[in-house]
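Structural description and commentary
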Amino acid sequence: MYLVAVTGGIGSGKSTVTARFAERGCPVIDADRVAREVVEPGEPALAEVAGRFGDGVIRQDGSLDRAAVAAIVFVDDEARADLERITHPRVAARMAERIADLNAEPGARPDRVVVIDHPLLVETAQAGRFDAVVVVLAPEAVRLRRLADERGMDPEDVRARIAAQATDAERRAVATHVVDNSGDLASLLAQVDRIHAELLVRSERLNAR
Ligand code: ADP
C-alpha cells in the first residue's frame, strides 16, 4: 500500500484533487471526517474534552460544540495542546484502522495507492507518515474569489482562516509533489492525472524491491 497525503489551505482545490484521485480508482480516507468521528457522543475523547473544557462545550443533544472549543483554543495555546493530546492519538489510531481495513479487503493489491485527504497535515506535523505528499497551492486572491463565487463565503472570514493555517512555504517544505491550481479546472485535473501515473510507478517499484 502506497500512502499519499493530499493537503492545502482552504479553497486551494484539495477536495477537487482528492475527488480526481478517487475517480482514478484510489480509495480515499478523509482525515477531517475521522477527526469528527473521534469526538462523537459516546466516544471516550468527548468525555475527556468535556472534563478539560467544561460542559459549556457540549450541546444539549450531547454533541461537541466545535465552535465553542475553537474559540477557547484559538486564544489559549495550553488549551490547544491539551485538546491535541486528547484527540490526535485517537485520530492516528483510527486512520491506522482504516488503512488496515483497506489492506484486509479481499484481493487488495499490495501496491495500491491510497489517498488521505489531510487538510491539517502540516499543522499536525504528520507528513513523515506518508510515502508521498501532494500539496495544492493557489494564490490567495484566487482562493477568495472561488470560495465567494462558489460557496458564498465571506472573504474576510476566509482571510482569517488562511491566517490561522500553515503557510504555503511550510506546505512546500514537506511536498513531494506540488499542484499549481492558479489555472482552470482542466489544468488542475491534468496535473493530478500526471501525478497519479507517477505515484503508480513509484508504488510498483517500491513493492518490487
Ligand atoms: P478545498 O477543498 O481546498 O477547500 P475545493 O476543491 O473545494 O477546495 O475548491 C474550492 C472551490 O473552488 C470549489 O467550489 C471548486 O469547485 C472550485 N475550484 C477548484 N479548483 C478550481 C479551478 N481550477 N477553477 C475553477 N474553480 C475551481
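In what follows, the structure referred to is the one given above.
Along each chain, the written sequence defines residue order, and numbers are assigned to residues from 1. In view of the model being predicted, local features appear only for residues whose pLDDT reaches at least 70, and side-chain atom pairs are presented and counted only at 80 or more, with totals across whole chains, interfaces and linings using the full set of residues. Only hydrogens and water are removed before side-chain values are computed, so all heavy atoms of the structure are retained for them.

Attention now moves to the environment of Arg129. By secondary structure assignment, the location of Arg129 is in the loop between β3 (113–117) and β4 (132–137). The sequence separation of Arg129 and Glu150 amounts to 21 residues, and the corresponding C-alpha distance is 33 Å. Any two residues whose heavy atoms approach within 4.5 Å at even a single point are treated as in contact. Those residues within four positions of Arg129 in sequence are excluded, and the remaining contacts are Leu3 and Ala92. Under this definition, polar contacts are N or O atom pairs within 3.5 Å; protein pairs additionally need one hydrogen-donor-capable and one acceptor-capable atom, and for neighbouring residues in sequence, both atoms have to be side-chain atoms. Polar contacts involving the side chain of Arg129 include one to the side chain of Gln126, which spans 2.5 Å. The helix and strand labels rest on DSSP assignments: H or I over at least four residues marks a helix, E over at least two residues marks a strand, and numbering proceeds from the N terminus.

Here Ala125 lies in the loop between β3 and β4. Between buried and exposed lies partly exposed: a residue is buried under 20% and exposed over 50% of the maximum accessible area for its type, with that area taken using a 1.4 Å probe on protein chains only. Ala125 sits in the exposed class, given a relative accessible area of 66%. Once the C-alpha coordinates of Ala125 and Glu78 are considered, the two residues, 47 residues apart in sequence, prove to be 18 Å apart.

Quick look at the side chain of Thr18 now. Along the chain, the position of Thr18 falls in helix α1 (residues 14–23). Residue class for Thr18 comes out buried when judged on its relative accessible area of 5%. For Thr18, the contacting residues outside a window of four places in its chain are Val6, Val28, Val115 and Asp117.

Moving on, we get to the site of the ligand. Not every one of the 16 residues close to the ligand is listed here, only the nearest: Gly11, Ser15, Thr16, Arg151 and Asn181. Separating an oxygen atom of the ligand from a backbone N or O atom of Gly9 is a distance of 3.4 Å. The contact in question runs from an oxygen atom of the ligand to an N or O atom on the backbone of Gly11, over 2.8 Å. When the ligand sits alone it has 560 Å² of accessible area, and the protein chains cover 83% of it. For the shell around the ligand, the secondary-structure elements that each account for two or more residues are α1, α6 (140–151) and α9 (185–208). Looking at the shell around the ligand residue by residue, the classes come out as 3 nonpolar, 8 polar and 5 charged. Here, proximity means that at least one heavy atom of the residue falls within 4 Å of the molecule or strand. Only the protein chains shown count as cover for residues, and all accessible areas are computed by the Shrake-Rupley method using a 1.4 Å probe. Each residue is assigned to one class: nonpolar for Ala, Val, Leu, Ile, Met, Phe, Trp, Tyr, Cys and Pro, charged for Asp, Glu, Lys and Arg, and polar for all the others, Gly among them.

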